[in-house]
Amino acid sequence: MEVKIGIADSNRELVFKTGMSPADVQKRVEAALTAEGKAVLELEDEKGRSYLVSTEKVAYVEIGESARRAVGFLS
């Protein structure tokens, strides 16, 4: 599954694939955004790398399946 995180004051978004379910990602995002004080959103990708983003800088989070590309020629 693909996750995109928009970061405030940045022209680029953080995009990575994770083995987590959409519900798990959503729970982590909601928990981080509703936490009191300075909170950090932490997610892992398919290769085990961790991504830490300050919740103060999260502009949006897009959770969804990766688009599958068609292979071959269409008739």
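See the structure above.
Residues numbered from 1 in each chain as written. Predicted model: local features only at pLDDT ≥ 70, side-chain atom pairs only at ≥ 80, totals over all residues. Heavy atoms only, no water.

Student: Looking at this structure, how should I read the side chain of Thr-55?
Tutor: Within the fold, Thr-55 resides in the loop between β4 (50-54) and β5 (58-64). Judged by its relative accessible area of 14%, Thr-55 falls in the buried class. Every residue in contact with Thr-55, bar those within four places of it in the chain, is listed here: Ala-32, Leu-33, Ala-39, Val-40 and Leu-41. (Helix = DSSP H or I, 4+ residues; strand = E, 2+ residues; numbered from the N terminus. Buried < 20%, exposed > 50% of the residue type's maximum accessible area, 1.4 Å probe, protein only. Contact = heavy atoms within 4.5 Å.)

Student: How should I be thinking about the pattern of salt bridges in this particular structure?
Tutor: Between side chains of opposite charge, pairing is possible as soon as their charged atoms come close. Summed over the entire model, instances satisfying the criterion amount to 3 salt bridges. Salt-bridge contacts for Asp-9 lead to Lys-57; the nearest nitrogen and oxygen are separated by 3.2 Å. Of this pair, Asp-9 sits in the loop between β1 (2-7) and β2 (13-17) while Lys-57 sits in the loop between β4 and β5; the two residues are 48 residues apart in sequence, bridging distant segments of the chain. Linking Asp-45 and Arg-49 is a salt bridge whose minimum nitrogen-to-oxygen distance equals 2.8 Å. Residue Asp-45 is classed as buried on the basis of its relative accessible area, which comes to 8%. (Salt bridge = Lys/Arg side-chain N within 4 Å of Asp/Glu carboxyl O.)

Student: I tried to follow the nonpolar core on my own but got confused; where do I start?
Tutor: Burial of nonpolar side chains together is a common tendency in soluble globular proteins. Core analysis: the biggest nonpolar cluster contains 12 residues, these being Met-1, Val-3, Ile-5, Phe-16, Met-20, Val-25, Val-29, Ala-32, Leu-41, Leu-43, Val-53 and Val-58. Elements supplying a minimum of two residues to this core: β1, α1 (22-34) and β3 (40-44). Ranked by residue count, the leading element in this core is α1, at 3 residues. Those residues in contact with Leu-41, other than ones at most four positions away along the chain, are Ile-5, Arg-28, Val-29, Ala-32, Tyr-51, Leu-52, Val-53, Thr-55 and Val-61. (Core = buried A, V, L, I, M, F, W, Y, C linked by side-chain atoms within 4.5 Å.)

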